[in-house]
Structure formats: structure tokens, C-alpha cells
Amino acid sequence: MAKVYVSADARRKAFRKLKTHRDNQVCFDCPTRNPTWASVTFGIFVCLDCSGTHRSLGTHISFVRSVEMDEWTQPQIDAMRLGGNKNARAFFQQHGIADLKTTKKYSIRGAQLYKAHLQRLVAGAAASAPPAPEPAPAPAPEQVAEGLDGLMLSVAEQPSRSLSEPTSLAALGA
């Protein structure tokens, strides 16, 4: 099944809202302000430099995306909404791994517990999401009488004529 990405406008709106939270305005792994990258795996915002470190860990440990340039699926945005730097920091501090080096921090059991916890939250959000709306039924032909559709209907209702026959204005009803 192909991934369905949210529109660029929906992505921008979601991240604009997420970045209003004070903790999301600073990289999770260093003091750099206004991070523009994110680890979807952990639902955290990171700076460009730290995103490189996350990428070097491998996508099986930390899947990194640009907040501004990449396409995002709804579950990925849900991971950011349900995670966030504040929740991740609290969990990491509770498990004594907040101050470890990035290369070690995300590979140990505490980080894997948080990753699994976040995945369960995202799955629950997806399960409780309202179903996609049914497409509206096409209008009946008699309801469409304006513009090009109206012109096409009126032509279809006319008796057929050969395109090579000359037509007088009287025959057209003019």
C-alpha cells in the first residue's frame, strides 16, 4: 500500500502549532534554537547537525525528516504531536538516559522503551481517527445546467446532424 502524505499546507500548519511549545523550539540533543529537523521515531525536534548524528545511527534506530522540506504522513505527524521534546525529555530523565551521548542514548533499552511507547500512542491515535469522508455522489444530469456541462447536455439533446451539412441560423434557433 502506498504511503499517503498530508498536504504541504496541513504539514506547515501542524508544525507551526507544534513549534509554539517552548521545548520544541530547542534541539532535543543540544542547545541550538529553532530546530528544523525531527526524529519521527522518537517524536523529537533536532537541529541540522544533530540530524546528521541521528542519520548515522541508521533508520532502524532513528528515522529523521526535515520539518520544512520532506513530505509527511499523518502517523508521522501524530508521532511528533504525541511525542515532542518535553515528553521525550521527561521519559529519558526518568530512565536516567537524558545526559548520555547521542550515539549511545538512542541505542539502549530506555530509548527503545520510549520508541515502543510512542508507537503504541500513534497506533491508538490512528485507530480512533474518524474514517475518511465518503465522496459526494455525482449530481443528476438535470441538476447540472450551467457552463460547459450545460452546453454538453444541450448538444447531446439535439438531433444529430452531419458535421459536413451546412446549417442555417434558423436551424440553430437563432
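Scroll up for the structure.
Residues numbered from 1 in each chain as written. Predicted model: local features only at pLDDT ≥ 70, side-chain atom pairs only at ≥ 80, totals over all residues. Heavy atoms only, no water.

**Topic: the sheet that holds strand 3 (residues 64-66)**
Strand pairing within a sheet occurs via backbone hydrogen bonds; the two strands may be parallel or antiparallel. A sheet is described by the order of its strands in space; here 3 strands give the open sequence 2-1-3, paired in antiparallel fashion. Two strands close off the open sheet at either side, each with one partner strand: strand 2 (44-46) and strand 3. Going across the sheet, the axis of each strand differs from the next one's by a mean of 35 degrees, ignoring polarity. Here strand 1 (residues 37-39) runs beside strand 3; their pairing, made up of 3 bridges, is antiparallel. Bridge pairing in strand 3 links Trp37 to Ser66. Those strands touched by helix 2 (residues 48-57) are strand 1, strand 2 and strand 3, and its axis lies near 115 degrees from that of strand 2. (Pairing = 2+ DSSP bridges. Helix = DSSP H or I, 4+ residues; strand = E, 2+ residues; numbered from the N terminus. Axes fitted to C-alpha atoms, helices over the stretch in contact; angles between N-to-C directions. Contact = heavy atoms within 4.5 Å.)

**Things to note about the packing of helix 1 (residues 8-18) against helix 3 (residues 74-82)**
Two numbers describe how helix 1 lies on helix 3: the axes approach to 10 Å, and their chain directions differ by 10 degrees. Classed by the angle they form, the pair helix 1 and helix 3 counts as roughly parallel. From helix 1, Arg11, Ala14, Phe15 and Leu18 reach across to helix 3, where they touch Ile77, Met80 and Arg81. Here the residues of the contact of helix 1 with helix 3 are counted per class, giving 5 nonpolar, no polar and 2 charged. (Parallel < 35°, antiparallel > 145°, perpendicular 65-115°, else oblique. Nonpolar A, V, L, I, M, F, W, Y, C, P; charged D, E, K, R; others polar.)

**As for the packing of helix 3 against helix 6 (residues 109-128)**
Closest axis-to-axis distance for the helix 3/helix 6 pair is 9 Å, and the angle between their directions is 120 degrees. Between helix 3 and helix 6, the interaxial angle falls into the category oblique. Regarding helix 3 and helix 6, the two cross each other, and that crossing is right-handed. Taken together, the residues of helix 6 that come into contact with helix 3 (itself represented by Pro75, Asp78, Ala79, Arg81 and Leu82) are Leu118, Leu121, Val122 and Ala125. Considered class by class, the residues forming the contact of helix 3 with helix 6 number 7 nonpolar, no polar and 2 charged. (Left-handed = near helix turned anticlockwise from the far one by under 90°.)

All quantities given are derived from atomic positions and should not be read as evidence of function.
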